[in-house]
Protein chains: 2
Amino acid sequence: MAGQHFAGIALVLGIAAGILMLLWNIHFRGGLNLDSENALHIFNVHPVLMFLGLIFCGGEAIVAYRVVRATKRAQKAIHMLLHLVGLVLGVVGVYAAFKYHRKLGEPDMYSLHSWLGMGTICLYGLQWIFGFVTFWIQGARTITKERFLPWHVAAGLTLFIMAIGTAEIGLMEKYTFLKSYGVISHFGREALLINFLSLIILLFGICTVYTVIFQPHAPTIL
Amino acid sequence: MAGQHFAGIALVLGIAAGILMLLWNIHFRGGLNLDSENALHIFNVHPVLMFLGLIFCGGEAIVAYRVVRATKRAQKAIHMLLHLVGLVLGVVGVYAAFKYHRKLGEPDMYSLHSWLGMGTICLYGLQWIFGFVTFWIQGARTITKERFLPWHVAAGLTLFIMAIGTAEIGLMEKYTFLKSYGVISHFGREALLINFLSLIILLFGICTVYTVIFQPHAPTIL
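Once a new chain begins, its residue numbering starts again from 1 and follows that chain's sequence as written. By the order in which they are written, chains take letters starting at A while ligands take numbers starting at 1. For a predicted model such as this one, the threshold for reporting local features is a pLDDT of at least 70, and the threshold for listing and counting side-chain atom pairs is 80 or more; totals across whole chains, interfaces and linings nevertheless cover every residue. Each side-chain value is worked out from all heavy atoms of the structure, with water and hydrogens disregarded.

1. Let's talk about the nonpolar core
Burial of nonpolar side chains together is a common tendency in soluble globular proteins. Counting residues in each nonpolar core, the largest one holds 98 residues, and the members touching the most others are Ile 201 of chain A together with Ile 201 of chain B. Once residues within four sequence positions are removed from consideration, Ile 201 of chain B is found in contact with Ala 17, Met 21, Phe 51, Ile 55, Ile 164, Glu 168 and Leu 171 of chain B. Only buried Ala, Val, Leu, Ile, Met, Phe, Trp, Tyr and Cys residues count toward a nonpolar core, and they belong to the same one when joined by side-chain atoms within 4.5 Å. Burial here depends on accessible area, computed with a 1.4 Å probe over protein chains only, as a share of the maximum for the residue type. Under 20% is buried, over 50% is exposed, and the range in between is partly exposed. Residues count as neighbours in contact if any of their non-hydrogen atoms are within 4.5 Å of one another.

The structure is reproduced here in structure tokens:
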């Protein structure tokens, strides 16, 4: 199986996860609204934007660089812009979590989920700036770029896997809260939805990483 | 930095995580005992054995194959036996979780943690049998072995990362339960211990994977 096949499966899984994520937050959790008076509606912006940003856009940015047949410059532009959209959505998503805590008078940054998530998004921002300076505006000599490239790829994949892991942990945290407070039951519809959503996000992550592994070089037309 | 350095850091982190795991379960959670009348003491066997088995022994089995300087046969024996110890400890650890649920009259296999964990340990068992038949008792022709090897490595690393992910999710699940029921506070000593334990396990996982990446070939003396 070639990288393109994994890329295709990843896209289908990513869209499926996006639909389940929206269904969950709109149908079961009451909808999302960053300006709501209802703190829970503010919170719901968080998982949706984190998924759409760091995971879906971030994953597609990685995949695109290995499967989109275009000039090197166009490939870089797509890669960079998708990561930028991912980063911006992610920052708004993090803001939603802080705003929710503020509304409830809860402390921030107390759980592993928040530690990993904050680490991931800060490093993601640094990685983007580093990539922009080195590879887009050609701020480095060719030999330096060649030396940096494997590190850029390794760091990017590590951050992507960290984003997936943070999402899985966050979904498990929310699931456990809902179960502890008796909102959902062991095998109820919402419980199954959250578990399947988590599984699909995990499979999306695996297919994205496998695309890179099985498609070591970007196709170019120039 | 070479693979050996990551292997050394992984060993230190693994031992540190083991100490924190025991400290947590003995000092904060009341101790572990598979035959206890106290269901919680039965449960505590679960995280300790899963960590010692699939994660610590499994990780060291992976690392050993890349850094132990010995004959091919001795390397394989160490790799295979460490994975076997890991698998046996893991199976007893899973049994502890089921026994705990039985004691409380709780259902099994309802959360993402259990789904991922069961998938991981079943595939881990299959991978072990497959490796034993193919590479140890030489049940396959040389050309078949050569073709299988990259898949064995990829599947093994995937399962190791799944084990790490399952542990992180499980620790987050336990943490959230304890917080929901008011047993631990946001920044209390036990909360910090669980979060740091999770972080150290994650770093152990990263160093283990990086050992494989940065040490592509096993050193041999024959």
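2. A few points about the relation of the copies chain B and chain A
A residue counts toward the fit only if its pLDDT is at least 70 in both copies, and the copies are then superposed by least squares on the C-alpha atoms of those residues. Placing chain B over chain A gives an RMSD of 0.0 Å and needs a rotation angle of 180 degrees, together with 0.0 Å of translation along the axis. Such a turn and shift between the copies fits a two-fold axis. The C-alpha atom lying nearest the rotation axis in chain B is that of Ile 169 of chain B; the distance is 2.5 Å. Residue by residue, 100% of the interface of chain B is reproduced at the interface of chain A, so both copies engage with the same surface.

3. Describing the environment of Phe 6 of chain A
Along the chain, Phe 6 of chain A turns up in helix α1 (residues 3-28). Separated by 12 residues in sequence, Phe 6 of chain A and Gly 18 of chain A place their C-alpha atoms 18 Å apart. Working definition: helices are DSSP H or I runs of at least four residues, strands are E runs of at least two. Numbering for both runs from the N terminus.

4. Let's talk about helix α4 (residues 112-136) of chain A
In an α-helix, one turn spans 3.6 residues; hence positions three or four apart end up facing the same way. The span expected for a helix works out to 1.5 Å for each residue beyond the first. Taking 1.5 Å as the rise per residue, α4 of chain A with 25 residues should run 36 Å; its terminal C-alpha atoms sit 34 Å apart, in good agreement. Of the residues trailing α4 of chain A, Gln 138 of chain A is marked for its positive phi of about 55 degrees.

5. Comments concerning the UniProt feature "domain: Cytochrome b561" (unreviewed entry) in chain A
When the UniProt feature table is mapped to this numbering, "domain: Cytochrome b561" (unreviewed entry) covers residues 9-213 of chain A. Secondary structure over residues 9-213 of chain A splits into 83% helix and 0% strand, and the C-alpha atoms at its two ends are 15 Å apart. UniProt positions are given in the numbering used here, feature names are shortened, and annotations may be inferred rather than shown by experiment.

6. Thoughts on the packing of helix α2 (residues 39-67) of chain A against α4 of chain A
All names here are of chain A. For the pair α2 and α4, interaxial distance at closest approach is 13 Å and the crossing angle is 45 degrees. Between α2 and α4, the angle falls in the class oblique. Both α2 and α4 take part in a crossing whose hand is left-handed. Residue-level contacts link His 46, Met 50, Leu 54 and Gly 58 of α2 to His 113, Thr 120, Ile 121 and Tyr 124 of α4. For the contact of α2 with α4, a count of residues per class yields four nonpolar, four polar and no charged. A fitted line through C-alpha atoms serves as each axis, taken over the contacting stretch for helices, and the angle formed by two N-to-C directions is quoted from 0 to 180°. In these notes the angle categories are as follows: under 35 degrees is roughly parallel, over 145 is roughly antiparallel, 65 to 115 is roughly perpendicular, and the rest is oblique. Should the near helix be turned anticlockwise from the far one by less than a right angle, the crossing is left-handed, and should it be turned clockwise, the crossing is right-handed. Amino acids outside the nonpolar list (Ala, Val, Leu, Ile, Met, Phe, Trp, Tyr, Cys, Pro) and the charged list (Asp, Glu, Lys, Arg) are all regarded as polar, and Gly is one of them.

7. Some words on the interface of chain B and chain A
Each partner contributes residues to the interface: chain B has 33 residues there, and chain A has 33 residues. Both sides together, the interface formed by chain B and chain A hides about 3,000 Å², and carbon and sulfur atoms give 76% of it. Note on definitions: buried area is the accessible-area loss of two parts on being combined, 1.4 Å probe, summed for both. The largest contributions to the chain B side of the interface with chain A come from Leu 112, Trp 115 and Met 172 of chain B, which together make up 20% of the buried area. Salt bridge criterion: a side-chain nitrogen from Lys or Arg within 4 Å of a carboxyl oxygen from Asp or Glu. Here chain B and chain A share zero salt bridges between them. N or O atoms closer than or at 3.5 Å make up a polar contact, with two conditions inside protein: a donor-capable atom paired with an acceptor-capable one, and, for residues adjacent in sequence, both atoms drawn from side chains. Across the chain B-chain A interface, the total number found is 11 residue pairs in polar contact (both at pLDDT 80 or more). Of all the secondary-structure elements, those providing two or more residues to the side of chain B that touches chain A are α4 (112-136), α5 (142-180) and α6 (189-214) of chain B. Classifying every residue of the side of chain B that touches chain A by side-chain character gives 20 nonpolar, eight polar and five charged.

8. Details of a nonpolar patch on the surface
Each patch is built from residues that are more than 30% exposed by relative accessible area and take part in no salt bridge. Like charges join if they lie within 9 Å; nonpolar side chains (Val, Leu, Ile, Met, Phe, Trp, Tyr) join within 5 Å. The protein chains shown are the only cover counted for residues, whose accessible areas, like all others here, come from Shrake-Rupley with a 1.4 Å probe. On the surface, Leu 81, Leu 84, Val 88 and Val 92 of chain A cluster together into a nonpolar patch covering about 290 Å² of accessible area. Examined against the element boundaries, Val 88 of chain A turns out to sit in helix α3 (residues 72-104).

9. Some thoughts on helix α2 (residues 39-67) of chain B
All names here are of chain B. Helix length check: α2, at 29 residues, gives a terminal C-alpha distance of 41 Å against a target of 42 Å (1.5 Å per residue), a fit within 8%. Of all the bends in α2, the greatest, near 30 degrees, is centred on Leu 52. Within α2, 24 of the 29 residues are buried, which leaves the element mostly enclosed by the surrounding structure. Two to three positions downstream of the cap, the backbone nitrogen of Leu 40 sits 2.9 Å from a side-chain oxygen, assigning the N-cap of α2 to Asn 38. One fitted axis covers the seven residues ending at a residue, a second covers the seven starting there, and the bend at that residue is the angle between these axes.

10. What to know about the side chain of Ser 198 of chain A
Locating Ser 198 of chain A in the fold gives a position in helix α6 (residues 189-214). Ser 198 of chain A sits in the buried class, given a relative accessible area of 1%.

11. Quick look at the UniProt feature "transmembrane region" (unreviewed entry) in chain A
All names here are of chain A. Mapped onto this structure's residue numbering, the UniProt feature "transmembrane region" (unreviewed entry) falls at residues 7-28, 48-68, 80-98, 118-137, 149-172 and 192-213. Secondary structure across residues 80-98 comprises 100% helix and 0% strand; the distance between its end C-alpha atoms is 27 Å. Secondary structure across residues 149-172 divides into 100% helix and 0% strand, with the first and last C-alpha atoms of the span separated by 35 Å.

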